[in-house]
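Secondary and tertiary structure notes
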Amino acid sequence: MLDKRETGELKIQGNTYEECLQELRKRYELNNYFIDKKRQISAGGIKGFFGKTKWEVIYRLLAPVRPRYTAKPAAGEEGDDFDQQKQRVLNIAGKAPNPQLDAISRMIKDLDSKVTTLASDKPAVTSEHPAIQRVAGILESNEFTPSIVKNIARRLKQELTLEELDNEETVQERMAFWIGELIKVESPPVAEKNLRVIVLVGPTGEGKTTTIAKLAAAYRKKDSAEHEHQICMITIDQLRVAAGRQVETYARVLKTDFASGNSAKDIREIVAGNDKLDVLLIDTAGYSPNDFGRIGQMREILNIPELRPEIYLVVSASKKTGDLLNIIKNYELFNCKAVIVTKLDETDRIGNVVSALAEKNKAVAYVTTGQTVSSDIKVAEPLDFLHKLADIKIRSVENG
Ligand SMILES: Nc1nc2c(ncn2[C@@H]2O[C@H](COP(=O)(O)OP(=O)(O)OP(=O)(O)O)[C@@H](O)[C@H]2O)c(=O)[nH]1
Ligand SMILES: [Mg+2]
């Protein structure tokens, strides 16, 4: 047992001097003790008579006291030769490769990099110029994703001089311009000599049927004395009778043809039966973006490549970024030409939709802004979104 006093003079006894040394080495790491004296003592008997001779080592501990590493020796470790013992001492001192320590340090590095990645997902602009912090706040309140906030903050830092950063108007103009750059628009085809086939797909309740009617109404507006557009509205909603009636009613009011179909063959027959047709507007049933089975069936029905369909994904502006990303991903099999953003009138935070479209590199073709079929649709422009940004002036966005 170790003497109770951890400091000062300590003693250890053994049958031989070597035994005392072994005990010392067992208890302490090298360099942690200092031998003051060694001496022979008699054990038992009067003044050594009839008694055995023992050895005593008097030593002192050097602060700080480090008890010897007491892990169980690995298989084959006992009886190591000098080189192996030296290697172990070096390992413990951290001066030679130690697989255990290496593994731990790799784990720490790995954790470190994960923490750094997580931190980099945050805007991390708190120690920036006040103008950059302000911009980050505005973008966050407009519901832009952290990666877009970070990107715009970085551009401000890299591309603006300190003087420009001090000028709030300049900062806001640049920010609005860069947001405008994120918004890609898809212009409708200019030459409309051939039949235009427009298909709307998307989750339920996003505004597909209403938008189909709005597109028909927009074509009606373009009618002239010389040319009244031949429009046919088709519903492909195998499940809901009411959905078919909804389209039929719009068709009656807008004086367009109406048909319903269940297959690519049906669509081809409708087209073949009317060679004067200018526009075919196909309304589809809305499904949950996670209903892969039904979405796949719909894709089969729309397998009409010879008609060169323009397939648009319809999503409402108030959807959260995560939901939008999920919808875009799960409707990817339609290879949509672009997106139609509906219900822009219902939200004043459009960073979510701008971020999701930018992250998925999707263009917007049309936006809709209300429930009035005869008016609330327009070809998309970046300004439709920029005007909705809260707390951002967009005076000179158009000039860049
Ligand atoms: N405020 C507003 N409401 C809209 C807009 N577009 C559509 N709506 C409304 O959204 C609701 C759903 O529209 P629908 O056109 O039936 O949606 P859908 O995508 O066809 O729905 P399903 O057929 O169930 O898949 C209706 O009440 C529409 O009036 C819009 O731009 N603004
Ligand atoms: Mg519908």
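Now for a quick tour of the structure. Note that the structure is a prediction, hence the values are computed from the model and not measured.

**Digging into unusual backbone geometry**
For Glu143, which is not a glycine, the phi torsion comes out positive at approximately 70°. Looking at the secondary structure, you find Glu143 in the loop between α4 (130–141) and α5 (146–159). Positive phi outside glycine occurs at Lys255, with the angle close to 55°. Relative to the assigned elements, Lys255 resides in the loop between α9 (241–253) and β6 (257–260).

**A short note on the environment of Asn151**
Within the secondary structure layout, Asn151 lies in helix α5. According to the relative accessible area criterion, Asn151 is partly exposed, its value standing at 32%. Through-space distance from the C-alpha of Asn151 to that of Trp178 is 9.9 Å; in sequence the pair is 27 residues apart.

**A closer look at empty space enclosed by the protein**
Applying the stated criterion to the full structure yields one cavity of 30 Å³ or more. Around the largest cavity, the lining residues are Ala131, Arg134, Val135, Ile138, Glu168, Val171 and Gln172.

**Description of α4**
Here α4 spans 16 Å end to end across twelve residues, near enough to the 16 Å set by a 1.5 Å rise per residue. For α4, every residue scored as buried is listed here: Ala131, Ile132, Val135, Ala136, Ile138 and Leu139. Projected down its long axis, α4 shows its buried positions confined to an angular sector of 165°, all on one face. After α4 finishes, the residue Glu143 shows a positive phi value of roughly 70°.

**Thoughts on the side chain of Asn352**
Along the chain, Asn352 turns up in helix α13 (residues 351–359). From its side chain, Asn352 meets the backbone oxygen of Lys319 in a polar contact 2.6 Å long. Excluding residues within four positions of it along the chain, Asn352 makes contact with Asn142, Glu143, Ala317, Ser318, Lys319, Lys320, Thr321 and Leu324.

**Quick look at the sheet that holds strand β4 (residues 196–201)**
Overall, mixed pairing links the eight strands, which are arranged β6-β5-β7-β4-β8-β9-β10-β11 in an open sheet. Unpaired on one side and paired on the other, β6 and β11 (377–379) mark the two borders of the sheet. Mean inter-strand twist for the sheet, computed between neighbouring axes without regard to direction, equals 25°. One ladder, built from four bridges, connects strand β5 (residues 231–236) with β6; its direction is parallel. Bridged to Ile234 within β6 is Ala259.

How each quantity is defined
- Residues numbered from 1 in each chain as written.
- Chains lettered and ligands numbered in written order.
- Predicted model: local features only at pLDDT ≥ 70, side-chain atom pairs only at ≥ 80, totals over all residues.
- Heavy atoms only, no water.
- Helix = DSSP H or I, 4+ residues; strand = E, 2+ residues; numbered from the N terminus.
- Buried < 20%, exposed > 50% of the residue type's maximum accessible area, 1.4 Å probe, protein only.
- 1 Å grid on protein atoms, 1.4 Å probe; cavity = no way out; pocket = protein on both sides within 12 Å on 5 of 7 lines; lining within 4 Å.
- Points joined across faces, edges and corners; volume = space filled by probe spheres on them.
- Expected span 1.5 Å × (residues − 1).
- Arc of directions from axis to C-beta.
- Polar contact = N/O pair within 3.5 Å; in protein donor to acceptor, adjacent residues only side chain to side chain.
- Contact = heavy atoms within 4.5 Å.
- Pairing = 2+ DSSP bridges.
- Axes fitted to C-alpha atoms, helices over the stretch in contact; angles between N-to-C directions.

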